[in-house]
Amino acid sequence: MDKTYQPQAIEQKWYSYWLDNQLFSPELSIDKPSYCIMLPPPNVTGNLHIGHAFQDTIMDLLTRYHKMQGHPTLWQCGTDHAGIATQMVVERQLAAQGKSRHDIGREAFTDAVWDWKAQSGGNIRQQMQRLGASVDWENERFTMDEGLSKAVIDVFVELHEEGLIYRGQRLVNWDPVLHTALSDLEVINHDEQGNLWHIRYPRSDGKGHITVATTRPETMLGDTAVAVHPDDERYQDLVGVELELPLTGRQIPVIADEYVDPEFGSGCVKITPAHDFNDWDVGQRNSLDVINILNPDATLNDSVPEKYRGLDRIEARRLVVADLEEAGYLEKTDKHQMAVPRGDRSGAVLEPYLTDQWFVRIEPLAKPAIDAVRNGDIRLIPENWQTTYFNWMENIQDWCISRQLWWGHRIPAWYDNEGNIYVARSEAEVRSKHNLSEDLELRQDEDVLDTWFSSALWPFSTLGWPEQTERLNTFYPTSVLVTGFDIIFFWVARMIMMGLKFTGKVPFRDVYVHGLIRDAQGNKMSKSKGNVLDPLDVIDGIELDALLAKRTTGLMQPHMQSAIEKATKKDFPDGIPGFGTDALRFTFSSLATQGRDMSLDMARVQGYRNFCNKLWNAARFALMHLDGEIDNKPLGGSDSAADQINHWVRSRLAHTVAEVRRHFDQYRFDLATQALYEFTWNEFCDWYLELSKANLSDSASPAVRAATRQTLAQVLEQLLLLLHPVIPFITEEIWQKLRQPLGLYEHSILQRPFPQATERDTSAERQIDWLKQMIQAVRATRTELNLAPGKPLPLKVWSEQRDADEQLINDYLPWLQKLARVESVSWLPKPETQEQCASARAGHMQLFIPLAGLIDVSAEIDRLTKQQQKVLQQQAQLTGKLSNDKFVNNAPAAVVQKERDRLEDVHAELAGIEEQLAQLNSMRDSD
RNA sequence: GGGCGAUUAGCUCAGUUGGUUAGAGCGCUGUCUUGACAUGGCAGAGGUCACUGGUUCAAAUCCAGUAUCGCCCACCA
């Protein structure tokens, strides 16, 4: 083995090894509860970003953990056709050739998208493989696959038959750039600075005017009323009066409607039913005319006076305002901050727009979905997401599912020339179902379905539904969904609704909701900020120049370039070294706390790379001593000190196993990795390997050597198994080298059973704790007094529990000599102060280190005085507590006893310090 | 306007139903190249747990309020 851990040298080969041995294919035949995770399907043409890498790490960890427990385990992967996003990418490519999708037509365009998918669709797959993702590639799915498309059509038709899908003319959020409707969720509201224009509408009877205010004055061209509150005394006699709508010559009525807030503005509201959601409702209630003034690209149409026709609404706005002002209708203009709705993909300002669309009647589906979470069939982790979930589900609006795009599942609806609508699985089915003659002309709906419609079926459509396949029966309902909070409504809620509706079961038991990965300073990563980190760059490393180029090419705001370069040079003056997949995965796992965003700091990744190196070298040490086969028979227990050391490490391992399992089961990956880190480094490496060196040497007895080699090999293997879900590559690499000494028959660590917690050995733990305390006390004193680390020290000891301590000292003397450089131990009959000694406390013992000629009396006095202050403080605290009757009477007996014991120790320690100080002081005075 | 979350060491974060002296990593200080590992060992320093009040024998932890920051939802034209 190399002296240092080199991730590049080991990672790639094991992934192909796992694939070659089909270790990721689920074994359906095992008769045990199944475990299944659905990969949230990434955009087929996309790339893996750091958020995916995090998510994939968590899913892979869970998958390996459960696979090692012998359950039939499936991590189902696949990609999403991502309607709008993908269509935009291909349209941009066409635009670069000076063409639009309309130039080449629908069929050629979708062909072009399929081509693009074929070209780029493997990106994600390759990147996931670099991460070590143990997904079942043989059953990869795509939302536009034949099977999944069939599921989509079936669901659409069934929902339509039940009246849960309907077509209707409604106001929708219209994207004038993409020329499509969007669902409410795809609207991003941003506060932007705008104006509030106050406009006078004259009364037709010439008796003055009333004033309305608007942030979108061009919509006045579509006004069909002005509303006041029915109880507003100021306007009682105004209701029913006709107004003259400026610039148009139209007459519109004043109506009364509860919607108006009399407190706001003038208390009069212009009503434009075709271009405002609230006004639409008012219009419906009052049977108002609906005048649509916009074309699909948000230019004004022929319903407006000629001079405004064909203008974009923003230009029209300027002209309308100018005209109003010129004609004296504009009362005033105020600055006004308002929420502007924009499309989440195009960024275009959206317009409420009247169109025919398909909707899902959502309330009947939402009810069971709410119940499933309320009654615990589905757990949200962390739990507080429930509030958000309920809040949204209880106020849910019908879902607009039609999109005026070309890329997606085409809506299975056909129209005849009479305007009749037929819904069925195919045109043929339409004809037979409705007895339509062959020569009746039918044309299919041009629209496609919202991408999220097919995503909602993902948990069962990927498993073969509507067929009752073995995979479906084995793995549905799935076990856990790992997802970001940003798609709880887009995706999670809809999967629950659809899953319950079509399978009668929840789609998953647990939903693990994680936060966002941010940069080291806690900023959101984004291309425009130039702080994006590519997971592969963290794994493989990247030169500064390459990183700079990556971050500054194709910027939407080129002026940011120099700032981005500066920040990048500051954060990564030498680029990124390349820490390997395992280090990155360990980092992700350690960051996975409950439900908050995480900052990814390279220093942390480096720290875990160092951890891997530590493990690597521990293994190197172990393997040096593990030539040949290990005796795997259980060895008879022995109380010898050498054996206690072995018992101790097994006991600590048992504790770690229990912790890791508990934390994995509770999705506390941060705590699990912490427990692993601590055991590996602070117990196994720092203590066990050091303590066992003597037992492995030639001078140790054959029995001790055998027991120690066995323990070393077995504990290391168990540790590797525990670590494997987090850091699969290095653990496989090392494990393969342990196969022979341990005589294991499995081909891969992934086939080994995940460790089970065994019983602790409290007696061994107590003894080794004692030993550690003793060694640490000597070492600390040595450092504080500036004594050479290698200088052997004779030790004088007094103890309150001499019998026990003397026994232990005798037993562990060889280790005290080696690890604390204790030369010899002699016992003091009384706790008397020793001349020319430094003293220290360990357990019940008072240690004296003779320093003839070496002692710096003042330094030792300073040290002891400092120590004394600390202990005095503790004493005061404890005494106060224990003299408080309320504490003694009310606190549990165990707590009180604990405090009493501590006080006793403190007293003893204090006495020792005081005597020693007195001695030292007299020495100094006599100097 | 409603909801959620955060505030703990220089930095990034743990702290489970209240109960030893509030922990970790990184960084920092001192020291050591000892045959697993300098991507390391050993030993340290460093905290008014945002603030105010309350409950309790006991509060980082529970309750109320305040402040700052962040996110989500709904928005009055």
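Quantities reported herein were computed from a predicted structural model and do not represent experimental measurements. (Residues numbered from 1 in each chain as written. Chains lettered and ligands numbered in written order. Predicted model: local features only at pLDDT ≥ 70, side-chain atom pairs only at ≥ 80, totals over all residues. Heavy atoms only, no water.)

Along chain A, the regular secondary structure elements total 29 helices and 29 strands. Taken against the 2.2 N^0.38 rule, which gives 30 Å for 927 residues, the C-alpha radius of gyration of chain A at 37 Å runs more than 25% over that of a compact globule. When the backbone C-alpha atoms are referred to their principal axes, chain A occupies close to 115 × 65 × 60 Å. Every one of the 927 residues in chain A was classed for burial, and the buried ones make up 54%. Taking contacts inside chain A between residues at least 6 apart in sequence as the whole, the part at least 24 apart equals 77%. For chain A, the exposed area adds up to about 41000 Å²; of that, 47% sits on carbon and sulfur atoms. (Helix = DSSP H or I, 4+ residues; strand = E, 2+ residues; numbered from the N terminus. Rg over C-alpha atoms; globule rule 2.2 N^0.38 Å. Buried < 20%, exposed > 50% of the residue type's maximum accessible area, 1.4 Å probe, protein only. Contact = heavy atoms within 4.5 Å. Areas by Shrake-Rupley, 256 points an atom, 1.4 Å probe, with all protein chains shown as cover.)

Strand order in the open sheet made by the 3 strands is β8-β7-β13, with antiparallel pairing throughout. Looking at strand neighbours, the two that pair on one side only are β8 (209–214) and β13 (330–343), the edges of this open sheet. The mean inter-strand angle of the sheet, taken between neighbouring strand axes irrespective of direction, is 20°. (Pairing = 2+ DSSP bridges. Axes fitted to C-alpha atoms, helices over the stretch in contact; angles between N-to-C directions.)

Turning to the protein's contact with RNA strand B, a few remarks are in order. Near RNA strand B lie 55 residues; those nearest to it are Phe264, Asn278, Asn613, Trp681 and Arg902. Considering RNA strand B, the proportion of its atoms within 4 Å of the protein that are sugar or phosphate atoms stands at 62%. Interatomic distance of 3.1 Å between a side-chain N/O atom of arginine 596 and a phosphate oxygen of RNA strand B. In this structure, a phosphate oxygen belonging to RNA strand B sits 2.4 Å away from a side-chain N or O atom of tryptophan 681. The element that contributes the greatest number of residues to the surface near RNA strand B is helix α20 (residues 602–624), accounting for 10 residues. In terms of residue class, the surface near RNA strand B is built from 21 nonpolar, 18 polar and 16 charged. (Near = heavy atom within 4 Å. Polar contact = N/O pair within 3.5 Å; in protein donor to acceptor, adjacent residues only side chain to side chain. Nonpolar A, V, L, I, M, F, W, Y, C, P; charged D, E, K, R; others polar.)

Bringing the packing of aromatic side chains into the picture now. Per the stated rule, a full pass over the model turns up 39 aromatic pairs. Note on tryptophan 18 and phenylalanine 729: the rings are 5.3 Å apart at their centroids and 25° apart in plane angle, and the pair reads as stacked. Separated by 711 residues along the polypeptide, tryptophan 18 in helix α1 (residues 7–20) and phenylalanine 729 in helix α24 (residues 728–742) bring together distant segments of the chain. You can call tryptophan 18 buried: its relative accessible area is 0%. For the ring pair phenylalanine 460 and tryptophan 465, a centre distance of 5.1 Å and an interplane angle of 80° mean the geometry is edge-to-face. Judged by its relative accessible area of 0%, phenylalanine 460 is buried. One aromatic cluster is present, built from ring pairs that chain together Tyr65, Tyr512, Phe664, Tyr667, Phe669 and Phe754. (Phe/Tyr/Trp six-rings, centres within 6.5 Å; stacked < 30°, edge-to-face > 60°.)

Once that is clear, we can look at the sheet that holds strand β11 (residues 250–256). Strand order in this open sheet of 4 strands is β10-β11-β9-β12, and the pairing throughout is mixed. The outermost strands of the open sheet, each flanked by one partner alone, are β10 (242–245) and β12 (268–271). On average, adjacent strands in this sheet sit at an angle of 35° to one another, irrespective of strand direction. As defined by bridge partners, strand β9 (residues 225–228) adjoins β12 across 4 bridges and the pair is classed as antiparallel. Bridging across to β12, valine 226 finds its partner in lysine 270.

Right, let's talk about the pattern of salt bridges for a bit. Applying the stated criterion to the full structure yields 52 salt bridges. A salt bridge links glutamate 186 to arginine 403; the nearest nitrogen and oxygen atoms lie 2.7 Å apart. In this pair, glutamate 186 is assigned in the loop between β6 (180–182) and β7 (187–202) and arginine 403 in strand β17 (residues 402–403), connecting sequence segments 217 residues apart. Like glutamate 186, the residue arginine 403 is buried in the burial classification. Across the salt bridge formed by lysine 693 and glutamate 690, the nearest N and O atoms sit 3.2 Å from each other. One end of the pair, lysine 693, and the other, glutamate 690, are both in helix α22 (residues 669–696), 3 residues apart, so they sit about a helical turn from each other. Judged by relative accessible area, which is 29%, glutamate 690 ranks as partly exposed. Overlapping salt bridges, with partners in common, bring together Arg216, Asp276, Asp312, Arg313 and Glu351 in one network. (Salt bridge = Lys/Arg side-chain N within 4 Å of Asp/Glu carboxyl O.)

Sizing a probe to match a water molecule and rolling it over the atoms shows the empty space that remains. Enumeration over the complete set of coordinates arrives at 2 cavities of 30 Å³ or more. Looking at the largest cavity, its volume works out to about 50 Å³. Forming the walls of the largest cavity are Leu39, Pro42, Cys77, Gly78, Thr79, Gly121, Ile124, Arg125, Met128, Trp137 and Glu140. Within the residue set of the lining of the largest cavity, elements represented by two or more residues are β3 (78–79) and α5 (123–131). The leading source of residues in the lining of the largest cavity is α5, at 3 residues. Taken together, the residues of the lining of the largest cavity break down into 6 nonpolar, 3 polar and 2 charged. Taken as a whole, the second largest cavity spans an internal volume of roughly 30 Å³. What lines the second largest cavity is simply Arg216, Glu218, Thr219, His275, Ile293, Leu294, Arg313 and Glu351. Residues that form the lining of the second largest cavity fall into these classes: 2 nonpolar, 2 polar and 4 charged. (1 Å grid on protein atoms, 1.4 Å probe; cavity = no way out; pocket = protein on both sides within 12 Å on 5 of 7 lines; lining within 4 Å. Points joined across faces, edges and corners; volume = space filled by probe spheres on them.)

A word on the side chain of arginine 494. Positionally, arginine 494 belongs in helix α15 (residues 488–503). This buried residue, arginine 494, is left without a salt bridge; aspartate 450 holds the nearest opposite charge, at 4.1 Å. (Lys, Arg positive; Asp, Glu negative; His and termini not counted.)

A word on the side chain of threonine 587. The residue threonine 587 is located in helix α19 (residues 581–591) in this model. By relative accessible area, threonine 587 is classed as buried at 0%.

Below, the discussion takes up the environment of asparagine 890. By the secondary structure assignment, asparagine 890 is in helix α28 (residues 885–890). Distance from asparagine 890 to lysine 367, taken between C-alpha atoms, is 49 Å for residues 523 residues apart in sequence.

Our focus in this paragraph is the packing of α19 against α22. Each pair of packed helices gets described by two things: the angle between the helix axes and the distance between those axes. Running from N to C, α19 and α22 cross one another at 125°; their axes reach a closest spacing of 6 Å. In terms of orientation, α19 lies oblique with respect to α22. The segment α19 lies against α22, with Phe586, Ser589 and Ser590 engaging Phe669, Asp670, Thr673 and Tyr677. Here the contact of α19 with α22 is composed, by residue class, of 3 nonpolar, 3 polar and 1 charged. (Parallel < 35°, antiparallel > 145°, perpendicular 65-115°, else oblique.)

This brings us to helix α26 (residues 802–819). When the terminal C-alpha atoms of α26 are compared, their 22 Å separation across 18 residues is substantially less than the 26 Å that a helix rising 1.5 Å per residue should span. The largest bend in α26 comes to about 65°, at tyrosine 812, with the proline proline 814 one to four residues further on. For α26, the full list of buried residues reads Asp805, Leu808, Ile809, Tyr812, Trp815, Leu816 and Leu819. Trailing α26 by a residue or two, arginine 821 shows a phi angle of about 55°, which is positive. (Expected span 1.5 Å × (residues − 1). Bend = angle between axes of the 7 residues up to and from the residue.)

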